[in-house]
Amino acid sequence: MSPDSPNVHVDSERRAVRGACPHDCPDTCALVTTVENGVAIRIQGAAGHAPTNGVLCTKVAKYLDRTYSPDRLRYPQKRVGRKGEGRFERIGWDEALDTIAAKLKAIAADDPQAILPYSYAGTMGQVQGSSMDRRFFHKLGASLLDRTICSMAGKVGLSYTLGASLGMDMERFVDSKLILLWGTNPVTSSVHLWGRVVEARRRGAKVIAIDPYRSLSAAKCDQHIALLPGTDGALALGLMHVLIAEDLLDRDYIERYTLGFDGLATRVAEYAPERVAAICGIDAATIVALAREYGTIKPAAIRVNYGMQRTAGGGMAMRTIACLPALTGAWRDSAGGLLLSSGGTYPIARAALERTDLIPAGTRTINMSTIGDALTTMTEPPIKAIVVYNTNPVAVAPESEKVIAGFAREDLFTVVLEHFQTDTADYADILLPATTQLEHFDIHASYGHLYWMINNPAIAPLGEAKPNSEVFRQLAVRMGFDDPCFRDSDEALAQSALAAHPDNAGISVEALKEQGWQRLAVPESYAPFAQGNFPTPSGKCEFFSMRLQKLGFDPLPAYHPPRESAATAPALARRYPLAFISPPTRNFLNSSFGNVAVLQALETAQRVELHPDDAAARGIADGDAVRVHNDRGEFTATARITGNVRPGLCVALGIWWHKDTAGGRNINAVTSQALTDFGAGPTFYDCLVEVGKCDAAAVRQPSLHDETR
Ligand SMILES: Nc1nc2c(c(=O)[nH]1)N[C@H]1C(S)=C(S)[C@@H](COP(=O)(O)OP(=O)(O)OC[C@H]3O[C@@H](n4cnc5c(=O)[nH]c(N)nc54)[C@H](O)[C@@H]3O)O[C@H]1N2
Ligand SMILES: Nc1nc2c(c(=O)[nH]1)N[C@H]1C(S)=C(S)[C@@H](COP(=O)(O)OP(=O)(O)OC[C@H]3O[C@@H](n4cnc5c(=O)[nH]c(N)nc54)[C@H](O)[C@@H]3O)O[C@H]1N2
Ligand code: SF4
Ligand SMILES: [Mo]
């Protein structure tokens, strides 16, 4: 890859620049970029940062290929073709920003809520992710966005039981003696946690995967419990049934630090192993054995991840699983307990950073997970302008046909800030070039470890690319927003994110710039709930939740089944008999890196894994071109016949860009916009389909980016 030398400043010294990986990944690695003559020549993981331990994943090891890709967007452009066609013409920044400001002013004069910001975690930086952009849209009075697409169901479910997104320190997993990997595939999605799991195993731990799919991680575990998708809540109830029936409890912990044990005991009495086995599609003996191990091996750690909350009952399932460590007192040990996300450990001054006080009273909120419906059906007012950054909704949001129909609306004014011409960028009226992590400043919290991280810029912006923060700063000037908060520098924004709080003691932007990272001021042997201290209304681990009761939900853990399954939707299941899940793949990060040629080559093509019995029943052979379809849409894929899936389940890993797939559609063509029980999250893995052979010749060949653009 030849760096864009005319566009980087000349700097004759060789420098090592400390940064942080910006991606939506729990590991938030510390990066060291070697820069020579203004060009980044090497990127490595920092050896001194304990979670990173000097290692990067395969994707970010290719970050220089991505940064210096000939496909990078380098100049502002305006659309000249039809929406979706992807034909653009270069314009200057002044024309781009003047056009956007004029359009937003005209719409806002009528009703600013017709404008929608649409962003997610393309970068997780506090500055480039959620600072000046929020201030801008708050002042404008635009509709608010409910950012539900990834983690909301689990986060809300967890908070009913524990009070917040707090949990174990990932560095402590090495001393766990039993590790349940529940709805997570860390070999793919959190390789640094996986390193700890491997070390724990070397020290004698037993590792068990609970996952419908034999993922790369499940295949390496001591045991793999392949339950039916969306039945995790029932499994957790069954485990608690056995723990209570066999008195494998920490009575003292329950007495001191939990609320509602008697109610819980009554509830779980309904979930005998035989009943749970039938719901989950596994053996009763497996449930009993797992409960006995969980109740007796100490310390026991549960690494649960968002993979199990993308079904109708995902929120309640997470709440239910989160009851387990309190029953056995696993929280007493720093190597025991549970980790979903450590994100809630960070004291972040959101109100100051995002200036939430600028939001006009009564502003409506739109759920990002149903953007297809919002763009096509919403009125009073309809969405007339959308500004997309840090996300690629046309590829990643559920029910693609509706999302595409929405973005194709001729009367929708669309601005996209991007590194690349993604599926979403193809629908932009104005397409703006964004800087990558090597080109801008930021600070990062993490949802997997406990360190604040710096990202110092390593190189000058390529071409005319600008940081998100700068684009919104300049737009604010054009809109006439004169509050001084719109003039804050990136470093000032970063400083305002650091809340005054004992856990942030000693942490500052200055110190971070110097040191690269700083651990939160929490004990080395961090055990957040060893002595209770749950941030719930009662201060206890809430088996019984008054908050849920007030909202009209069952106040006790319960089982909320999937919406689309043979058990709950038999008529639908007769037409679409296969359960379909589409979890992350190793070489892409959601749709990011989907355009990096060397990583595409590792993934080969969009594939769907089928059990030999299901394949035989449909006359499908390994390598055949197949069509995966339901009433919402269809995509084509190459069939892989494997024992990684149970009969009745099919799996396609990773989010390809629609335009790089053989049939022009990715997995989200079939996923649904139905929402989860708590948190109004998406139900990507609650989806029935049918798979049939299709004529390979009828399917157009993929066009890989580096060759065609
Ligand atoms: N390489 C890579 N890393 C990533 C990502 C990526 O796309 N690629 N994505 C990042 C993002 S945005 C996130 S949110 C995180 C975490 O993203 P997650 O979606 O939690 O991903 P995984 O940890 O891979 O775990 C998903 C696992 O859950 C399983 N699963 C699916 N349905 C169910 C179910 O109903 N029950 C149970 N028990 N298991 C189920 C899947 O088979 C899969 O093995 O990963 C991040 N890391
Ligand atoms: N079927 C199915 N669908 C899924 C999932 C699944 O498991 N299955 N996973 C879901 C999950 S967990 C998530 S989190 C979502 C994620 O979906 P997205 O939030 O869309 O994440 P990415 O696909 O990584 O896209 C992020 C985009 O942000 C851009 N970007 C990165 N940094 C910057 C920056 O500094 N400035 C600007 N302007 N742009 C930047 C990148 O180039 C990239 O195109 O997808 C969801 N969709
Ligand atoms: S994607 Fe995750 S594992 Fe890879 S470098 Fe970034 S933080 Fe580390
Ligand atoms: Mo995510």
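Placed above this text is the structure.
Okay, so let's go over this structure. In this numbering scheme, every chain counts its residues from 1 along its sequence in written order. Starting at A for chains and at 1 for ligands, labels are handed out in the order in which the entities are written. Local features in this predicted model are restricted to residues of pLDDT 70 or higher, and side-chain atom pairs are both shown and tallied only at a pLDDT of 80 or more, whereas totals for entire chains, interfaces and linings draw on every residue. Values reported for side chains reflect all heavy atoms of the structure, with hydrogen atoms and water molecules removed beforehand.

### Here we look at the site of ligand 2
Part 1 of the argument: Nearness is judged by heavy atoms alone; a residue qualifies as near a molecule or strand once a single heavy atom is within 4 Å of it. Taken together, the neighbourhood of ligand 2 is formed by 30 residues, with Thr391, Glu418, Ser591, Ser592 and Tyr685 sitting nearest.
Part 2 of the argument: Polar contact is defined as a pair of N or O atoms within 3.5 Å, subject to the rule that within protein one atom must be able to donate a hydrogen and the other to accept it, and that residues adjacent in sequence are counted only when both atoms are side-chain atoms. Note that a nitrogen atom of ligand 2 is positioned 2.9 Å from one of the backbone N or O atoms of Leu417.
Part 3 of the argument: Ser592 is positioned such that a nitrogen or oxygen atom in its side chain is 2.6 Å from an oxygen atom of ligand 2.
Part 4 of the argument: Surface exposure here means Shrake-Rupley accessible area, sampled with a 1.4 Å probe, where a residue is shielded only by the protein chains that are shown. Protein chains shield 97% of the accessible area of ligand 2, which is 920 Å² for the free molecule.
Part 5 of the argument: Segment limits for the domains were obtained from an automatic or database-derived domain assignment. There are two domains that each give the shell around ligand 2 at least three residues, and those are domain 1 (77–150 + 346–519) and domain 3 (570–699).

### Here's the deal with the sheet that holds strand E22 (residues 578–581)
Part 1 of the argument: Taken in spatial order, the six strands of this closed barrel run E22-E26-E23-E25-E24-E27, and their pairing is mixed. The average undirected angle you get between the axes of adjacent strands in this sheet is 45°.
Part 2 of the argument: Here a strand pair is declared whenever DSSP counts at least two bridges between the two strands. Under the DSSP-based scheme used, a helix requires at least four consecutive residues in state H or I and a strand at least two consecutive residues in state E, with every element numbered from the N terminus. Examined bridge by bridge, strand E24 (residues 625–630) and strand E25 (residues 633–641) share six bridges and lie antiparallel to one another. Across the sheet, residue Val628 finds its bridge partner in E25, namely Phe635. Note on geometry: axes are C-alpha line fits, over the in-contact stretch for helices, and angles between N-to-C directions span 0 to 180 degrees.

### Section: the site of ligand 1
Part 1 of the argument: Among the 33 residues in the neighbourhood of ligand 1, the closest are listed as Ser189, Asp211, Asp232, Arg310 and Phe588.
Part 2 of the argument: In the environment of ligand 1, an oxygen atom lies 2.5 Å from a nitrogen or oxygen atom belonging to the side chain of Asp211.
Part 3 of the argument: Taking Tyr306, its main chain carries an N or O atom lying 3.3 Å from an oxygen atom of ligand 1.
Part 4 of the argument: When ligand 1 is considered free in solution it has 900 Å² of accessible area, and contact with the protein chains removes 98% of it.
Part 5 of the argument: A class-by-class count of the residues in the shell around ligand 1 yields 16 nonpolar, 11 polar and six charged. Note that Gly is not counted as nonpolar here; it falls among the polar residues with everything else outside the nonpolar set of Ala, Val, Leu, Ile, Met, Phe, Trp, Tyr, Cys and Pro and the charged set of Asp, Glu, Lys and Arg.

### Looking at the packing of aromatic side chains
To describe a pair of aromatic rings, one takes the distance between the centres and the angle between the planes.
Part 1 of the argument: By convention, a stacked pair of Phe, Tyr or Trp rings (six-membered ring in the case of Trp) has centres within 6.5 Å and planes under 30 degrees apart, an edge-to-face pair has planes over 60 apart, and any other such pair is tilted. The final tally for this structure, using the stated rule, is 16 aromatic pairs.
Part 2 of the argument: Here the aromatic rings of Phe553 and Phe678 are separated by 4.9 Å at their centres, their planes lie at 80°, and the arrangement is edge-to-face. A residue pair is termed long-range when its members are at least 10 positions apart, and Phe553 in the loop between helix H22 (546–550) and helix H23 (570–575) and Phe678 in the loop between strand E26 (649–651) and strand E27 (688–693) qualify at 125 residues.
Part 3 of the argument: Summary of the burial criterion: residues with accessible area below 20% of their type's maximum are buried, those above 50% are exposed, and those between are partly exposed, where the area comes from a 1.4 Å probe applied to protein chains only. According to the relative accessible area criterion, Phe678 is buried, its value standing at 2%.
Part 4 of the argument: The rings of Phe136, Phe137, Tyr389, Phe472, Phe481 and Phe486 are connected pair by pair, giving a single aromatic cluster.
Part 5 of the argument: Counted as over-ring charges are cases with an Arg CZ or a Lys NZ within 6 Å of the ring centre that also lie within 35 degrees of the ring normal. Against the face of Tyr271 rests Arg275, its NZ or CZ located 4.3 Å from the ring centre.
Part 6 of the argument: One residue, Lys466, lies across the ring of Trp93, its end atom 4.9 Å from the ring centre.

### Focus: helix H19 (residues 468–479)
Part 1 of the argument: One fewer than the residue count of a helix, multiplied by 1.5 Å, yields its expected span. The terminal C-alpha atoms of H19 lie 16 Å apart, and with 12 residues this matches the ideal 16 Å at 1.5 Å per residue to within 8%.
Part 2 of the argument: What H19 keeps buried is the set Asn468, Ser469, Val471, Phe472, Arg473, Leu475, Ala476 and Met479.
Part 3 of the argument: One or two residues past the end of H19 sits Gly480, with phi positive at roughly 80°.

### A few points about the nonpolar core
Part 1 of the argument: Ranked by internal contacts, the top residues of the largest apolar core, which has 190 residues, are Tyr118, Phe136, Trp182, Leu324 and Leu327.
Part 2 of the argument: A per-element tally of this core places helix H8 (residues 232–245) first, with nine residues.
Part 3 of the argument: For the purposes of this section, nonpolar cores are sets of buried Ala, Val, Leu, Ile, Met, Phe, Trp, Tyr and Cys residues that join through side-chain atoms within 4.5 Å. Residues Cys25, Cys29, Leu31 and Phe588 belong to the second largest nonpolar core, which totals 25 residues.

### Some words on the side chain of Thr67
Part 1 of the argument: Within the secondary structure, Thr67 is located in helix H1 (residues 63–67).
Part 2 of the argument: Since its relative accessible area comes to 0%, Thr67 is described here as buried.
Part 3 of the argument: Excluding residues within four positions of it along the chain, Thr67 makes contact with Arg72, Thr436, Leu438, Glu439, Ile459 and Leu462. The contact criterion used throughout is that any non-hydrogen atoms of two residues lie within 4.5 Å.

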